[in-house]
Amino acid sequence: MKHLLCFLVLFLISGVGSFDLVIDEIPDEVENLIDLEIDGFPSSSKTRNGRYQRSTSDWGYVGDLVEDDDKIGLYSYKVQSTITSRLANTMIQAKMVNNAKRSQHIVFDVQVPKGAFIDNFTMDVNGITFTSKIREKSEARKMYSQAKAKGKAAGIVRSNALDMENFKTEVNVPPGTRIQFELHYHEMIRRKLSSYEHVISVKPGRLAKHMEVDVRIIEPQGLRYVHVPNSLGDHFDGITTISKGEKKAHVSFKPTMAQQRKCPSCSSTAVDGNFVVQYDVNRETTGGELEIFNGYFIHFFAPENLDPLPKNILFVIDVSGSMWGLKMKQTIEAMKAILSELRAADQFSLIDFNHNVRCWRDNLVSATPAQVEDAKKYIQTIHPNGGTNINEALLRATFILNEAQNLGMLDPNSVSMIVLVSDGDPTVGELKLTTIQKNVKQSIKDEFSLFCLGIGFDVDYDFLQRIATDNRGMAQRIFGNQETSAQMKNFYNQVSTPLLKKIQFNYPQESVSDVTQSSFHNYFGGSEIVVAGKVDTENLQHLESVVTATAANAELVMETLRDVEELDGFMKKDKYADPEFTRKLWAYLTVNQMLAERNTAPTAALKRNITKSILQMSLDHHIVTPFTAMLIENAEKDEIMLADQPKDPRRGCCPGTLGLTPNAPNNNKGIPAWANVTAVPVSFMPEQRSPPVSSLSINRVDNDPHFIIHLPKSQRNICFNINSEPGKILNLVSDPGTGVVVNGQLIGAKKTENKKLNTYFGKIGFYFKNKGLKVEITTETITLKDGSYGITLTWSDTGHILRKQLLISVKKESNVTVTVGEEMSFMVLLHRVWKNHPVNVDFLGIYIPPENQLSPEAHGLIGQFASEPEVYIHHQRPGQAPEKPQATMEVKGNKLTVTRGLQKDYRTDRVLGTDVQCWFVHNSGKGFIDGHYKDYLVPHLYSFLKKP
């Protein structure tokens, strides 16, 4: 029986599964090699069926491997990265051995920086090599399908793009098998906060006999400094070595196996994190540094020692319910720190929004100490709740900036920007993302920029990127954790110091071509602008650039002149420098620029043309993009797998849902169990105790208005109706002890029927005196009031409002649940009728569980039954109708004639309702309730019931 070799390749983003490859059988060559094992490895190179099998003797002595219980040994884990003028080429290699006596999975799992281009992946299994090729996506999928149809071993690899990308390969190999994985990717390292930072994920997962991280830096401009923070922890203090010359540096991290251990006797590795190298380069000219090599030029521009431009900044902060908790706390902390850093010449204002939009100031104000302090106090009072109206919030911000400009309030040399902070999709107002993007684009001036911070993974980060790029800004994802505040402040620091505006790069048109973006809105201190293009070095001796820009006190013109052969000697003498660095940097910038242009393309035809250009660039430069796929196959092409990047649905809330609690994936979060009941059939039998199930164990008022009082001790349901007049307000619960009031105002039908005008609850009010909160629910809106503060939702919303531990949960066109901690809860049910019905009107029903923790002082039509009265029902006898027997009920010293019948519970079926068996008390509950029902009339919706 053949040994089975299965490949499972996963491209994971933040734990989201992607690569799926299964190769059904081990190739014959590998099976034959297994027969030649010596100490678990083939003894020599072999040729099988004409294919050369590489010798594995280069591994050297493989003894002394530390194995976990799975008997998998990590012979070596090597990371090599070479940075040539900001272009980082990184290779991660792992050599592993299965020393178990059974087949099992071996995993290669590495993190790749967001935005890096994977350009090669190889896998060697006992000398049989799998290599990769880049193909147009549809062609690659066709080849994959053909291979699968012919019964060849085939698999498919898929990816989804969030911020942290994982490349994960899982291979099921026979005993004694050794395997080598090797992944290559490249990226341009961007300058932020006056430093280049190269981050390499180093997570081998187990102890390695040979562990090495090797980073070489080659910068023709010269190195100002090189620093390696202790990002892997104090455990490795002193192990990293740094050798720095004038233009080159070498960083090495080679912990021994003993140094890798978490403790002297541990078999697990302490190497688990990011290895970080920080550096900066020398800058001698204001006009930037031109580097020309192999027919391409790269222009690095990062002037210093300039006075900052004044800025006009509007902070637009999402305060919807989904920001509740840690995210809001961290946002407030960050905003207070950011406000403190505003300069005296700056102007600012704050907008906070949920489904409504509020302005701290309706216009820009100077960043004086008094105004900044007042803004901090305002931020501190924010309580997240409600929906998310991004469209109106951004339009309000653009209106304030436009108005200030029209009134001449903006310094001509100032920089105006909007900073949006949000964690979710729009759920109120305009919901269509393309329409929001269009609205903002039309309303924002060419001089303004929009920067977006997306908190967490529920936010549509692609949308934030599009709308920011479309308006001369950028977006950044902020991870919703304890570091949220630091991440926000770090982002703000990147845009807090504008030094130049209206920057234009100019080159001789007859000598250069295919130049990347050469016009920029702003330049911020600590960053860097990079422009690249092709240059005709055959017919040119020098390349000149002219950069124009507006500074704080002048219009600048900066010229730079470079010999086109100046770098040739330096590059050719350094064996580590990448001779293709200019071409790769130009391709990197060009592809990313085209991807951004495609996102904002106004027409389908233009988008198709850009897509074709991206595809051709991807094939020419052997990189995986959204329009190409990587084919991974063996030399004989009889095993094949496909890696591509389809647009997978992102995780998170669905559009149209109000996510108003920190994690509310469903509409029932915070809603008590009794509010979501399962209907049970009810049959008529001689008088019996009602079963203690959730669908019955509740007090309710519904329809005309029908009261159903559940008595938990005696397990009976008692019903009565109230016949009053439209406009009257009935007290349902009045509890001075807990400070809770529930009242209902009656509305009438459109006309009488059988000489009777039916009445219903059209408005229900809750007053929580101890919290100072009032809730008003009508057939149109749900409103929470806290003094002068108010928030209103409609029945077309779904979501939650949380304030002072009072939770209001709204289920679209269905019900509202009001919950106060664990002490009490109430449900209000909406009944919609046909708009043109000649008689009926929309009305409300209210459901109150008897478990609510009311005080002994509680009263009201329902509240009085918090202290359950003794009820004795006897002398059952036939009624006027066979299905409605009568009986005598003794309660509160009264003997009443009651009738057995059915009432409706509409919580599970709002149209037909669920039948509830009860004893009906006639004459508006007289004898069962204290006094007369008119004693329960109150003057206002939030009035307590006066004591008799």
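Because the structure is predicted, anything quoted here is derived from the model rather than measured. Residue positions are given per chain, counting from 1 as you read along its sequence in written order. Where totals are concerned, whole chains, interfaces and linings use all residues; where local detail is concerned, this predicted model gives features only for residues with pLDDT of at least 70, and gives and counts side-chain atom pairs only at 80 or more. To get the side-chain values, take all heavy atoms of the structure and skip hydrogens and water.

In terms of helices and strands, the protein chain carries 13 helices and 55 strands. Classification of the 948 residues of the protein chain by burial places 56% in the buried group. Intrachain contacts of the protein chain at a sequence separation of at least 6 include 68% that bridge at least 24 residues. Secondary structure counts use DSSP, requiring at least four H or I residues in a row for a helix and at least two E residues in a row for a strand, with both numbered from the N terminus. Burial classes follow relative accessibility: with a 1.4 Å probe on protein chains only, a residue under 20% of its type's maximum area counts as buried, one over 50% as exposed, and anything between as partly exposed. We call two residues contacting when some pair of their heavy atoms lies within 4.5 Å.

What follows covers the sheet that holds strand 34 (residues 542-550). Pairing between strands requires that DSSP locate at least two bridges from one strand to the other. Here we have 4 strands laid out as an open sheet, ordered 32-30-34-35, and antiparallel in their pairing. Single-partner strands in this sheet number two, and they are strand 32 (519-524) and strand 35 (555-563). If you compare each strand with its neighbour and ignore which way they point, the axes differ by 30° on average. Looking at chain direction, strand 34 and strand 35 are connected through 9 bridges and run antiparallel. Looking at the pairing, Leu-543 lines up with Arg-562 of strand 35. Where helices are involved, their axes are fitted lines through C-alpha atoms of the stretch in contact, as for all axes, and angles between N-to-C directions lie from 0 to 180°.

Spatial strand order, 21-22-33-31: 4 strands in an open sheet with antiparallel pairing. With one partner strand each, in any of the chains shown, strand 21 (289-293) and strand 31 (512-513) form the two edges of the open sheet. Relative to strand 33 (residues 529-535), strand 31 runs antiparallel, the two sharing 2 bridges. What sits directly across from Ser-513, in strand 33, is Lys-534.

Considering the arrangement of structural elements, one finds His-355 in the loop between strand 24 (347-353) and strand 25 (357-359). As used in this structure description, the phrase polar contact means that two N or O atoms lie within 3.5 Å; if the pair is within protein, one of them must be able to donate a hydrogen and the other to accept it, and residues adjacent in sequence are counted only when both atoms belong to side chains. Within the local environment of His-355, its side chain forms a polar contact with the side chain of Asn-356, the two groups lying 3.4 Å apart. The residues touching His-355, leaving out its near neighbours within four places in the chain, are Gly-386, Gly-387, Thr-388, Asn-389, Val-428, Ile-791, Thr-792 and Leu-793.

In this section: the environment of Ser-322. With respect to the helices, strands and loops of the structure, Ser-322 is situated in the loop between strand 23 (311-318) and helix 4 (326-340). We classify Ser-322 as buried; its relative accessible area is 12%. C-alpha of Ser-322 to C-alpha of Pro-384: the two residues are 62 residues apart in sequence and 7.4 Å apart in space.

Moving on, we get to the state of the cysteines. What counts as a disulfide here is a pair of cysteine sulfur atoms lying within 2.5 Å. Within the structure shown, the criterion is met by 2 disulfides. Linked covalently through their sulfurs, Cys-263 and Cys-266 form a disulfide whose S-S length is 1.8 Å. In this structure, the disulfide formed by Cys-263 and Cys-266 twists by about 95° around the S-S bond and is classed as right-handed. When its relative accessible area of 25% is taken as the criterion, Cys-263 is described as partly exposed.

Moving on, we get to unusual backbone geometry. Positive phi values are uncommon outside glycine, yet Asp-514 reaches one of about 50°. Relative to the helices and strands, Asp-514 resides in the loop between strand 31 and strand 32. The backbone of Lys-892 sits at a positive phi, close to 55°, despite the residue not being glycine. Checked against the element boundaries, Lys-892 lands in the loop between strand 53 (884-891) and strand 54 (894-905). Residue classification places Lys-892 among the partly exposed residues on the basis of a relative accessible area of 36%.

Think of a 1 Å grid over just the protein atoms. A cavity is a set of points where a 1.4 Å probe fits yet cannot get out, a pocket is an open set with protein on both sides within 12 Å along at least five of seven lines, and lining residues have an atom within 4 Å of a point. Grid points are joined across faces, edges and corners, and a volume is the space filled by probe spheres set on the points. On inspection of all chains with the given rule, the structure shows 3 cavities of 30 Å³ or more. Roughly 80 Å³ of internal volume is contained in the largest cavity. Looking at the largest cavity, the residues that line it are Asn-699, Val-733, Ile-848, Pro-849, Pro-850, Asn-852, Leu-854, Ile-862, Gly-863, Phe-865 and Ala-866. For the lining of the largest cavity, a count of residues per class yields 8 nonpolar, 3 polar and no charged. Polar here means any residue other than Ala, Val, Leu, Ile, Met, Phe, Trp, Tyr, Cys and Pro, which are nonpolar, and Asp, Glu, Lys and Arg, which are charged; Gly is therefore polar.

On to the pairing of strand 48 (residues 806-811). For strand 48, a buried count of 5 out of 6 residues is recorded, marking the element as mostly surrounded by other parts of the structure. For strand 48 and strand 49 (residues 815-820), the ladder comprises 6 bridges, and the chain directions are antiparallel. Note on strand 49: the bridge partner recorded for Ile-808 is Val-818.

With that settled, consider the packing of helix 11 (residues 581-599) against helix 12 (residues 604-621). Contact geometry of helix 11 with helix 12 gives a least axis separation of 10 Å together with a crossing angle of 155°. Here helix 12 runs roughly antiparallel to helix 11, going by the angle between their axes. Relative to helix 12, helix 11 is oriented so that their crossing is left-handed. Between helix 11, through Arg-583, Trp-586, Ala-587, Thr-590, Val-591, Met-594, Leu-595, Glu-597 and Arg-598, and helix 12, the contact on the second element is made entirely by Lys-607, Ile-610, Thr-611, Ser-613, Ile-614, Met-617 and His-621. Tallied by class, the residues present in the contact of helix 11 with helix 12 amount to 8 nonpolar, 4 polar and 4 charged. Note on terminology: angles under 35 degrees are roughly parallel, angles over 145 are roughly antiparallel, angles of 65 to 115 are roughly perpendicular, and the others are oblique. Handedness of a crossing is defined here by the sense of rotation of the near helix relative to the far one, left-handed for an anticlockwise turn of less than a right angle and right-handed for a clockwise turn.

A few words on helix 9 (residues 484-495). Think of an α-helix as turning once every 3.6 residues; residues three or four places apart then point the same way. Helix length check: helix 9, at 12 residues, gives a terminal C-alpha distance of 17 Å against a target of 16 Å (1.5 Å per residue), a fit within 8%. Those residues of helix 9 lying buried are Thr-484, Ser-485, Gln-487, Met-488, Phe-491, Tyr-492, Gln-494 and Val-495. Here the expected span of a helix is defined as 1.5 Å times the quantity of residues minus one.

What follows concerns the packing of aromatic side chains. Under the pairing criterion, centres of Phe, Tyr and Trp rings, with the six-membered ring standing for Trp, must be within 6.5 Å; the plane angle then separates stacked pairs below 30 degrees from edge-to-face pairs above 60, leaving the rest tilted. Applying the stated rule across the entire model yields 23 aromatic pairs. Look at Phe-451 and Phe-491: their rings are 6.4 Å apart centre to centre, the planes differ by 70°, and that puts the pair in the edge-to-face class. Here Phe-451, found in strand 28 (residues 448-455), pairs with Phe-491, found in helix 9; they are 40 residues apart in sequence, far enough to count as distant. The burial state of Phe-451 is the same as that of Phe-491; both residues are buried.

Attention now moves to the pattern of salt bridges. Put simply, a salt bridge is a Lys or Arg side-chain nitrogen that is within 4 Å of an Asp or Glu carboxyl oxygen. Scanning the entire structure with this criterion turns up 27 salt bridges. For Asp-280, the salt bridge is made with Arg-283, and the minimal N-O distance between the two is 3.1 Å. Judged on exposure class, the residue Asp-280 and its partner Arg-283 are both buried. The closest approach of N and O atoms between Arg-583 and Glu-580, which form a salt bridge, is 2.6 Å. Owing to a relative accessible area of 30%, Glu-580 belongs among the partly exposed residues under this scheme.

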